[in-house]
Amino acid sequence: MLSAFARAFRTPDLRRKLLFTIAIMAIFRVGSFIPTPGVDYPNVQQCIAETADGNDLLGLVNLFSGGALLQLSIFALGIMPYITASIIVQLLRVVIPRFEALHKEGQSGQAKLTQYTRYLTIALAILQSTTVITTARNGLLFQGCSVDVIPDGSFLTMALMVITMTAGTGLIMWLGELITERGVGNGMSLLIFTSIAASFPTALWSIAGGANGATNFIIMIAVIVVVIGLVVFVEQSQRRVPVQYAKRMVGRRMYGGSSTYIPIKINMAGVIPVIFAASLLAVPGLIAQFGDQSADWVIWISTNLADPAAPLHIVLYVLMILFFCFFYTSITFNPDEVADNMKKYGGFIPGIRAGRPTAEYLDYVITRITSAGSIYLALVALLPTLVLIGLGVSTNIPFGGSSIIIVVGVGLETVKQINSQLQQRHYEGFLR
């Protein structure tokens, strides 16, 4: 492994890509600590110290910003607007036929969809930055803090802050595309990886500093190692549906007659169902923050829905993950479309007739695999949280096991890309 890293840095082209990627990731982290104009940075630090974990309702955005949200920095929104825009554009393919047609057009259609995603990202950044600034100005971002984080509430200051945070999101989007074009790996995924990995040491150190800190820290590390092993095992697993192509004559040449397979991952939806579930569960709590805190409905929501340890919250969280696993998989994998493409090029599954029977068979396989994948995803997402509840630790690692899924998944894909480039030059990758 170490010799493979040494060979990677000895290869000029690959070394240049790796150093460029590391430099962009460093710029991204530096921007997370540059305060937005109009923010009183010493007061922000005091509020973070007084309120400990800050507002759990904004934990999703804070996770994907690498802690920049609670710092109210120029990169406070992180990559979250782009993720949301990408998900919305994918879902709109079901509703808007034009988007589905662009998706099928190939590279030119994908370029247009990417452009739409960029426009939607800026619009969402304006909306989210306005919400964050309003929340901070009203004292809801750091509840119980004794100082004001935004002393000047004039319209000009607010507008400047919105423009700065929106521009920061646009810059992050550009940095991610630069990594994809000139670096190693997928740029957006690596920036998410950087954000989540940056929040781990602080969260784990907080666990070690509490009561029974050493024991809790060791148990949490063991749980994380187990979850990482489970994620690596499942994410690398796939069901290979065999496909045989019949021989056909094109002019004087014979084509086809080859055997291949359709790789179907156990967890085809990735971490998207967890993001959907957490986002929807955060909405009632966010609404309750703006109501009368002594009202019965506010107290009920805070006790049963906003609290991650509440039984009702856990049950709804699991049910939503299961639902969105099937929902998102049905959008990304269309058995009818796959069956039609196979029939068009003379392909068939051995023992299954082409056309409608093939689509029904693929739907049957997808349903069974997604059932196991959804249970796995719910288990991984809940396991660290349940362990923290059992240990009585108040500090919450953002997103629990799903953050580990993202980190491990991005790490595996990046290593695969480096490995493939090493094999092109040295015929030997990271793993022998």
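It should be emphasised that the depicted structure is a prediction, and the values quoted were computed from it without experimental measurement. (Residues numbered from 1 in each chain as written. Predicted model: local features only at pLDDT ≥ 70, side-chain atom pairs only at ≥ 80, totals over all residues. Heavy atoms only, no water.)

S.K.: Please provide a residue-by-residue account of the overall build of the protein, values included.
M.R.: Helix and strand counts for the protein come out as 17 helices and 5 strands. Per-residue burial for the protein yields a buried fraction of 44% across its 432 residues. For the protein, the exposed surface amounts to about 21700 Å²; the carbon and sulfur share of it is 64%. (Helix = DSSP H or I, 4+ residues; strand = E, 2+ residues; numbered from the N terminus. Buried < 20%, exposed > 50% of the residue type's maximum accessible area, 1.4 Å probe, protein only. Areas by Shrake-Rupley, 256 points an atom, 1.4 Å probe, with all protein chains shown as cover.)

S.K.: Please set out the UniProt feature "transmembrane region" (unreviewed entry) in the protein residue by residue, giving values where relevant.
M.R.: Mapped onto the present numbering, the UniProt feature "transmembrane region" (unreviewed entry) falls at residues 68-95, 116-135, 155-176, 188-208, 214-234, 310-333, 374-391 and 397-415. Taken end to end, residues 310-333 is 92% helix and 0% strand, and its two terminal C-alpha atoms sit 34 Å from one another. In residues 374-391, helix accounts for 100% and strand for 0%; the two terminal C-alpha atoms are 26 Å from one another. (UniProt positions renumbered as here; feature names shortened; annotations may be inferred.)

S.K.: Before we move on, could you go through the side chain of glutamate 235 and cite the residues and values that matter?
M.R.: Here glutamate 235 is to be found in helix H11 (residues 213-235). At a separation of 3.0 Å, a polar atom in the side chain of glutamate 235 contacts the side chain of tyrosine 376. If we ignore the near neighbours within four places in the chain, the residues touching glutamate 235 are Lys265, Asn267, Tyr376 and Ile405. (Polar contact = N/O pair within 3.5 Å; in protein donor to acceptor, adjacent residues only side chain to side chain. Contact = heavy atoms within 4.5 Å.)

S.K.: Which residues make up the nonpolar core, and what values go with them?
M.R.: Core analysis: the largest hydrophobic core is formed by 59 residues, its most contacted members being Ile79, Tyr317 and Ile321. Per-domain counts for this core show at least three residues from each of domain 1 (1-183) and domain 2 (202-431). Among the nonpolar cores identified, the runner-up in size contains 21 residues, and Cys47, Leu70, Ala125 and Leu141 belong to it. (Core = buried A, V, L, I, M, F, W, Y, C linked by side-chain atoms within 4.5 Å. Domains from an automatic or database assignment.)

S.K.: Mind laying out the sheet that holds strand E5 (residues 347-348), listing which residues take part and the relevant values?
M.R.: Across the sheet, 3 strands lie side by side as E4-E1-E5; this open sheet has antiparallel pairing. Looking at the sheet topology across the chains shown, the edges are occupied by strand E4 (259-265) and E5. Pairing of strand E1 (residues 238-245) with E4, which is carried by 7 bridges, proceeds in the antiparallel orientation. Bridging from a neighbouring strand, glutamine 244 pairs with serine 259 of E4. On top of the sheet, helix H16 (residues 356-391) reaches E1 and E4; it is set at about 165° to E1, its chief contact. (Pairing = 2+ DSSP bridges. Axes fitted to C-alpha atoms, helices over the stretch in contact; angles between N-to-C directions.)

S.K.: Please give an account of the packing of helix H6 (residues 80-95) against helix H14 (residues 311-332) that cites residues and values.
M.R.: Two numbers describe how H6 lies on H14: the axes approach to 10 Å, and their chain directions differ by 70°. With respect to H14, the axis of H6 lies roughly perpendicular. In terms of crossing hand, the pair formed by H6 and H14 is left-handed. Seen from H6, the contacting residues are Gln90, Leu91, Arg93 and Val94; seen from H14, they are Phe327, Tyr328 and Ile331. A class-by-class count of the residues in the contact of H6 with H14 yields 5 nonpolar, 1 polar and 1 charged. (Parallel < 35°, antiparallel > 145°, perpendicular 65-115°, else oblique. Left-handed = near helix turned anticlockwise from the far one by under 90°. Nonpolar A, V, L, I, M, F, W, Y, C, P; charged D, E, K, R; others polar.)

S.K.: Any details on the packing of aromatic side chains? Residues and values, ideally.
M.R.: On inspection of all chains with the given rule, the structure shows 5 aromatic pairs. On the basis of an interplanar angle of 15° and a centroid distance of 5.6 Å, the ring pair of phenylalanine 99 and tyrosine 116 is categorised as stacked. Separated by 17 residues along the polypeptide, phenylalanine 99 in helix H7 (residues 97-104) and tyrosine 116 in helix H8 (residues 107-137) bring together distant segments of the chain. Seen in terms of ring centroids, phenylalanine 323 and phenylalanine 327 are 6.0 Å apart; in terms of plane orientation they differ by 15°. Their pairing is stacked. In this pair, phenylalanine 323 and phenylalanine 327 both sit in helix H14, 4 residues apart, roughly one turn of the helix. By way of ring pairs, the aromatic residues Phe323, Phe324 and Phe327 are connected into one cluster. (Phe/Tyr/Trp six-rings, centres within 6.5 Å; stacked < 30°, edge-to-face > 60°.)

S.K.: Go over the environment of serine 374, please, and point to the residues and values.
M.R.: Assignment of secondary structure puts serine 374 in helix H16. By relative accessible area, which is 2% here, serine 374 ends up buried. In this structure serine 374 touches Ile321, Leu322, Cys325 and Phe326, once residues within four positions along its chain are discounted.

S.K.: How would you summarise the pairing of E1 if you had to cite specific residues and measurements?
M.R.: Where E1 meets E5, 2 bridges bridge the pair, whose relative direction is antiparallel. Across the sheet, residue glutamine 244 finds its bridge partner in E5, namely phenylalanine 348.

S.K.: Pulling in residues and values, what's your account of the packing of H8 against helix H9 (residues 155-182)?
M.R.: Viewed as axis vectors pointing N to C, H8 and H9 meet at an angle of 140°, and their least axial separation amounts to 9 Å. Judged by the inter-axis angle, H8 sits oblique to H9. In this structure, H8 meets H9 at a crossing whose hand is right-handed. Residues Arg118, Thr121, Ile122, Ala125, Ile126, Ser129, Thr130 and Ile133 of H8 lie in contact with H9, whose contacting residues are Met158, Met161, Val162, Met165, Thr166, Thr169, Gly170, Met173 and Glu177.

S.K.: Quick rundown of helix H15 (residues 335-344)? Include the residues and the values.
M.R.: The periodicity of an α-helix, 3.6 residues per turn, causes residues three or four positions apart to be oriented the same way. Considered for burial, the residues of H15 that qualify are Pro335, Ala339 and Met342. Relative to the axis of H15, the buried residues are bounded by an arc of 60° and lie together on one face. Against E1, E4, E5 and H16 lie the buried residues of H15. One side-chain oxygen at the N-terminal end of H15 lies 3.1 Å from the backbone nitrogen of aspartate 336; it belongs to asparagine 334. Where H15 terminates, the next one or two residues include glycine 346, which has phi positive at roughly 80°. (Arc of directions from axis to C-beta.)

S.K.: Let's hear about H16: which residues, and what values?
M.R.: Across its 36 residues, H16 extends 52 Å between first and last C-alpha, which sits within 8% of the 52 Å expected from 1.5 Å per residue. Remark: the principal bend of H16, roughly 35°, maps to leucine 382, with a proline, proline 384, within the next four residues. (Expected span 1.5 Å × (residues − 1). Bend = angle between axes of the 7 residues up to and from the residue.)

S.K.: So what's going on with a nonpolar patch on the surface? Which residues, and what values?
M.R.: Among the surface-exposed residues, Phe9, Leu19 and Ile22 lie close enough to one another that they form a single nonpolar patch of about 270 Å² accessible area. You can see phenylalanine 9 is positioned in helix H1 (residues 2-10). Using a relative accessible area of 33% as the deciding quantity, one classes phenylalanine 9 as partly exposed. (Patch = residues over 30% accessible without salt bridge, like charges linked within 9 Å, V, L, I, M, F, W, Y side chains within 5 Å. Salt bridge = Lys/Arg side-chain N within 4 Å of Asp/Glu carboxyl O.)

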